[in-house]
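What follows is the residue order along each chain.
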Number of protein chains: 2
Amino acid sequence: MRPRLVLFGDSITEQSFASGGWGAALADHFARQADVVLRGFDGYNTRWALKVLDRAMERAAAGGADPAAVTVFFGANDANLPDRSQGHQHVPLAEYQDNLRAICAHFKNKWPSAAIILITPPPIYEPARIRHKYGDNDPSRQPERTNEAAGTYAQACIAVAKELDYPVIDIWTQMQQFPDWQTSALCDGLHFTPFGNKILFDEVLKMLGSIGFSQQSLPSDLPLYHQIDPKDPLKAFEI
Amino acid sequence: MRPRLVLFGDSITEQSFASGGWGAALADHFARQADVVLRGFDGYNTRWALKVLDRAMERAAAGGADPAAVTVFFGANDANLPDRSQGHQHVPLAEYQDNLRAICAHFKNKWPSAAIILITPPPIYEPARIRHKYGDNDPSRQPERTNEAAGTYAQACIAVAKELDYPVIDIWTQMQQFPDWQTSALCDGLHFTPFGNKILFDEVLKMLGSIGFSQQSLPSDLPLYHQIDPKDPLKAFEI
């Protein structure tokens, strides 16, 4: 019985199965060991996520078993500045934290044995956000998100994780360790390039490993090719 | 409730979530509409697949609902020549057809409402197979698979599909329509490049569309961002 990994988040999760995406990379990495379930919702903040939580998770578990782990990756939309073009996505910081707590409590109640992994919002490269929205570098334009605000929400996410004693991936900080992260890791100042996806994939893999969810520790589903004896192949399939 | 699409096959299915893979592309295409379940088994032929069918499909369905569709993509290993290096994977043509019939019957019995889509083995580029195995172009070497044998198995697969009146994707023929398919679509004479993956993805999408499984016809899971009114976002989430 394959364990499941549920990816819950906004567009960065929804797009995670595009070419080079971190979700597809997880599905590929665990291709014979686990099922990866995609539950990404473009544009959603934690307020909206909370509204749909039960419906979003329909069929995310199977056979009565809890998923092994759930990633909760929101904040990029919550951190939109309230007085800018995407202000309707903004969620105040204290509510963002309350919503994260409520989402975690929901999962803990629904799937008591599932590990809940929080992921902070990523860093923001503001000039690319302006270009993305307005198509130029007009200095009079203002980005709808700032890296500073994203960092504040990232810290708030980490604080909730610490309070609940849940693992957290600080992708806001991790990503900024890489040279030219602004354009090497981000394609539009917010979403990920294949390299940015790789950074998150590596972090998720490391985190999963720390809770015992790894290629080494998980059994493979059915005999692997190299375990099948060319001289007596059917032997591998005797139960 | 998202419908499910189950991908059952050999290594070309198992690797379908690697970067640019056809399975990940399906998951991405239907990111808000359907779940794609990966059940690929590297090296397997239909004889071995039949041995593991029940166990392989554990947790592939969920909540008592049949998957909407299952792809059955075997034959590349069955078509190994019996007297060559991978002879232990070979399955005689008549048995290959019997096994396909048995696999289809199993799915029809298990999931009566699921559409079963057969996929033929792909074409083979023999010089690349020799290079892959022996690391050179030694003319005394013989490939373990030939394109001719793959074509024979492809025809046999199509015959079974016609007999059962199931849809079939003739990827052996389709792929060979493309210029330089030997190296543009195949990376090692057998497995797919991103371009080869795209060819199969397009064919699967077309086939799914013909049975009413398409972006246009499937409902989206929860409100899409563009359906959310910036002036009253929560309205979209009232049940």
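Because the structure is predicted, anything quoted here is derived from the model rather than measured.

Chemist: Let's hear about the nonpolar core: which residues, and what values?
Modeler: Among the nonpolar cores identified, the biggest contains 78 residues, and Trp22(A), Leu26(A), Trp22(B) and Leu26(B) are the most heavily contacted of them. Discounting residues that sit within four places of it in the chain, Trp22(A) has contacts with Leu7(A), Ile12(A), Thr13(A), Ser16(A), Thr71(A), Phe73(A), Ile119(A), Asn197(A), Leu200(A), Phe201(A) and Val204(A).

Chemist: I'd like a rundown of the interface of chain B and chain A, residues and numbers included.
Modeler: Listed per partner, the contact involves 47 residues of chain B and 47 residues of chain A. Where chain B abuts chain A, roughly 4,500 Å² becomes buried across the two surfaces, and 59% of that area is made up of carbon and sulfur atoms. A salt bridge links Arg39(A) to Asp35(B); the shortest N-O distance between them is 2.8 Å. When contributions to the side of chain B that touches chain A are tallied by element, the ones reaching two or more residues are helix 2 (22-29), strand 2 (35-40) and helix 3 (46-56) of chain B.

Chemist: Account for the pairing of strand 2 (residues 35-40) of chain A, with residues named and values stated.
Modeler: Where burial is concerned, most of strand 2 of chain A is hidden: six out of the six residues are buried. Of the two faces of strand 2 of chain A, both are covered, the one formed by Asp35(A), Val37(A) and Arg39(A) as well as the one formed by Val36(A), Leu38(A) and Gly40(A).

Chemist: Give me the lowdown on helix 3 (residues 46-56) of chain A, citing residues and values where you can.
Modeler: Residue and element names in this part refer to chain A. Taken as a whole, helix 3 has its buried residues at Thr46, Trp48, Ala49, Val52, Leu53 and Ala56. Mapping the buried residues of helix 3 onto a view down its axis gives an arc of 160°, with all of them on the same face. Those residues of helix 3 that are buried lie in contact with strand 1 (4-9), strand 2 and helix 4 (93-110). Where helix 3 starts, the residue carrying a side-chain oxygen 3.0 Å from the main-chain nitrogen of Arg47 turns out to be Asn45.

Chemist: So what's going on with the relation of the copies chain B and chain A? Residues and values would help.
Modeler: Note on the identical chains: chain B maps onto chain A by a rotation of 180° and an axial translation of 0.0 Å, with an RMSD of 0.0 Å. Read as a symmetry element, the transformation amounts to a two-fold axis. Both copies share a contact surface, since 100% of the interface residues of chain B are interface residues in chain A too.

Chemist: I'd love a proper account of the environment of Ile12(B), names of residues and values included.
Modeler: Residues and elements named next belong to chain B. Looking at the secondary structure, you find Ile12 in helix 1 (residues 11-14). On the basis of relative accessible area, Ile12 is assigned to the buried category, the value being 5%. The spacing of Ile12 and Gly63 is 51 residues in sequence and 28 Å in space, taken between C-alpha atoms.

Chemist: Now, about the packing of helix 3 of chain A against helix 4 of chain A: what can you tell me, with residues and values included?
Modeler: All names here are of chain A. For the pair helix 3 and helix 4, the least separation of the axes is 9 Å and the interaxial angle reads 20°. Here helix 4 runs roughly parallel to helix 3, going by the angle between their axes. Considering the relative orientation of helix 3 and helix 4, their crossing is left-handed. In this structure, helix 3 contributes Thr46, Arg47, Ala49, Leu50, Leu53 and Asp54 to the contact, and helix 4 contributes Glu95, Tyr96, Asn99, Leu100, Ala102, Ile103, His106, Phe107 and Lys110. By residue class, the composition of the contact of helix 3 with helix 4 is eight nonpolar, three polar and four charged.

Chemist: Go over the packing of helix 2 of chain B against helix 9 (residues 194-210) of chain B, please, and point to the residues and values.
Modeler: Residue and element names in this part refer to chain B. Here helix 2 crosses helix 9 at 45°, and the two axes come no closer than 9 Å. Taken together, the axes of helix 2 and helix 9 are oblique relative to one another. The interaxial crossing formed by helix 2 with helix 9 has right-handed handedness. Contacts from Trp22, Ala25, Leu26 and His29 in helix 2 reach Asn197, Leu200, Phe201, Val204, Leu205 and Leu208 in helix 9. When the residues that make up the contact of helix 2 with helix 9 are grouped by side-chain class, the tally is eight nonpolar, two polar and no charged.

Chemist: I'd love a proper account of the sheet that holds strand 5 (residues 168-169) of chain A, names of residues and values included.
Modeler: All names here are of chain A. Reading across the sheet, the five strands line up as 2-1-3-4-5 and stay open at both edges, with parallel pairing between neighbours. Where the open sheet ends on each side, the last strands, each with one partner, are strand 2 and strand 5. Bridge count between strand 3 (residues 69-73) and strand 4 (residues 115-119): four bridges; the pairing is parallel. The residue bridging Val70 from the neighbouring strand is Ile116, located in strand 4.

Chemist: Report on the pattern of salt bridges, specifying residues and quantitative values.
Modeler: On inspection of all chains with the given rule, the structure shows 26 salt bridges over all chains. Overlapping salt bridges bring together Arg2(A), Asp35(A), Asp221(A) and Arg39(B) as one network.

Chemist: Can you break down the side chain of Ser214(A) residue by residue, with the values?
Modeler: As for its position among the elements, Ser214(A) is in the segment after helix 9 (194-210). Setting aside residues up to four positions removed in sequence, Ser214(A) forms contacts with Phe30(A), Gln33(A) and Gly209(A).

Chemist: Lay out the pairing of strand 4 of chain A in plain terms, naming residues and giving numbers.
Modeler: For a regular strand, the rule is simple: side chains alternate between the two faces of the sheet. Residue and element names in this part refer to chain A. Counting buried residues in strand 4 gives five out of five residues, a clear majority hidden from the surface. Residues Ala115, Ile117 and Ile119 line one face of strand 4 and the alternating positions Ile116 and Leu118 line the opposite face, and both faces are buried. The handedness of the strand 3 to strand 4 crossover, carried by helix 4, is right-handed. Strand direction decides the pairing type here: strand 4 and strand 5, joined by two bridges, are parallel. Its bridge partner being in strand 5, Leu118 is matched across the sheet by Val168.

Chemist: Mind laying out the side chain of Asp188(B), listing which residues take part and the relevant values?
Modeler: Here Asp188(B) is to be found in the loop between helix 8 (181-184) and helix 9. A polar contact of 3.0 Å, which involves the side chain of Asp188(B), links it to the backbone nitrogen of Leu190(B).

Chemist: Talk me through unusual backbone geometry; I want residue IDs and the actual numbers.
Modeler: All names here are of chain A. Positive phi, close to 65°, is recorded for Arg59, a residue that is not glycine. Position of Arg59 relative to the elements: it lies in the loop between helix 3 and strand 3. Given a relative accessible area of 16%, Arg59 falls into the buried group.

Chemist: Please provide a residue-by-residue account of the sheet that holds strand 1 (residues 4-9) of chain B, values included.
Modeler: In any sheet, the strands associate via hydrogen bonds between backbone groups, in a parallel or an antiparallel arrangement. Residue and element names in this part refer to chain B. In space, the five strands of this open sheet follow the order 2-1-3-4-5, with parallel pairing throughout. The sheet is open, and its two borders are formed by strand 2 and strand 5 (168-169), each paired with just one other strand. Sitting on the sheet, helix 2 touches strand 1, strand 2, strand 3 (69-73) and strand 4 (115-119), and the angle it makes with strand 1 is about 180°. Contacting strand 4 and strand 5, helix 6 (residues 147-164) crosses the sheet at an angle of about 160° to strand 4.

Reading the values: the criteria
Residues numbered from 1 in each chain as written. Chains lettered and ligands numbered in written order. Predicted model: local features only at pLDDT ≥ 70, side-chain atom pairs only at ≥ 80, totals over all residues. Heavy atoms only, no water. Core = buried A, V, L, I, M, F, W, Y, C linked by side-chain atoms within 4.5 Å. Buried < 20%, exposed > 50% of the residue type's maximum accessible area, 1.4 Å probe, protein only. Contact = heavy atoms within 4.5 Å. Buried area = accessible area lost by both parts, 1.4 Å probe. Salt bridge = Lys/Arg side-chain N within 4 Å of Asp/Glu carboxyl O. Helix = DSSP H or I, 4+ residues; strand = E, 2+ residues; numbered from the N terminus. Arc of directions from axis to C-beta. Polar contact = N/O pair within 3.5 Å; in protein donor to acceptor, adjacent residues only side chain to side chain. Least-squares fit on C-alpha atoms with pLDDT ≥ 70 in both. Axes fitted to C-alpha atoms, helices over the stretch in contact; angles between N-to-C directions. Parallel < 35°, antiparallel > 145°, perpendicular 65-115°, else oblique. Left-handed = near helix turned anticlockwise from the far one by under 90°. Nonpolar A, V, L, I, M, F, W, Y, C, P; charged D, E, K, R; others polar. Pairing = 2+ DSSP bridges. Right-handed = clockwise from strand over helix to strand, strands pointing away.

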